[in-house]
Amino acid sequence: MLPDYIIYDELKRQRERLERERDNRPQLEVPRYVPYWPESEFESPAYGDDESSSDRGVTIIQT
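Model, not experiment: these values are computed from the prediction.

**What about the overall build of the protein?**
Logical step 1: Each helix and strand in the protein was counted, giving one helix and zero strands.
Logical step 2: Looking at the protein residue by residue over its 63 residues, the buried ones come to 0%.
Logical step 3: Of the accessible surface of the protein, which amounts to about 7700 Å², a share of 53% is contributed by carbon and sulfur atoms.

So this is what it looks like as structure tokens:
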């Protein structure tokens, strides 16, 4: 039977070899395109642009 330190050394060498191989792999850069979102036919007004947008039908009643 082999001593433990020989087995651990061999495992360590294998891990280091695998790390080196993984680091040396070529990488492919994939371009990230921005999706095209066409403007809708029914454009809603932006919030806060209109004075009437602050009136939401809420009434505060003090008791």
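There's plenty left to go through after this.
**Re a nonpolar patch on the surface**
Logical step 1: A cluster of nonpolar side chains, contributed by L2, Y5, I6, I7, Y8 and L11, occupies part of the molecular surface with about 620 Å² of accessible area.
Logical step 2: Inspection of the secondary structure assignment puts L2 in the segment before helix 1 (4–23).

**Here we look at the pattern of salt bridges**
Once their charged atoms are close, side chains differing in charge can pair, the charge on each being opposite to the other.
Logical step 1: Using the criterion set out here, one finds two salt bridges in the structure.
Logical step 2: Residue R13 pairs with E10 through a salt bridge whose shortest N-O separation is 2.7 Å. Of the two residues, R13 and E10 are both situated in helix 1; the distance of three residues between them amounts to about one turn of the helix.
Logical step 3: Between E21 and R17 there is a salt bridge, with the nearest N and O atoms lying 3.2 Å from each other. Linking E21 with R17, this pair stays in helix 1, spanning four residues, or about one helical turn.
Logical step 4: Take E21: its relative accessible area is 42%, and that puts it in the partly exposed class.
Logical step 5: By relative accessible area, which is 38% here, R17 ends up partly exposed.

Conventions and cut-offs
- Each chain carries its own residue numbering, running from 1 in the written order of its sequence.
- Whole-chain, interface and lining totals are the exception, using all residues; otherwise, since this is a predicted model, local features are given only for residues with pLDDT of at least 70 and side-chain atom pairs are given and counted only at 80 or more.
- Heavy atoms throughout the structure, all of them, feed into the side-chain values; hydrogens and water do not.
- The helix count covers DSSP runs of H or I at least four residues long, the strand count covers runs of E at least two residues long, and both are numbered beginning at the N terminus.
- Throughout this description, buried means an accessible area under 20% of the type-specific maximum (1.4 Å probe, protein chains only), exposed means over 50%, and partly exposed covers the range between.
- Exposure was quantified through the Shrake-Rupley algorithm and a 1.4 Å probe, taking into account, for residues, occlusion by the shown protein chains and nothing else.
- Put simply, a patch holds well-exposed residues, over 30% relative accessible area, that have no salt bridge, with like charges counted together within 9 Å and Val, Leu, Ile, Met, Phe, Trp or Tyr side chains within 5 Å.
- Salt bridges are defined as contacts in which a side-chain nitrogen from Lys or Arg sits within 4 Å of a carboxyl oxygen from Asp or Glu.

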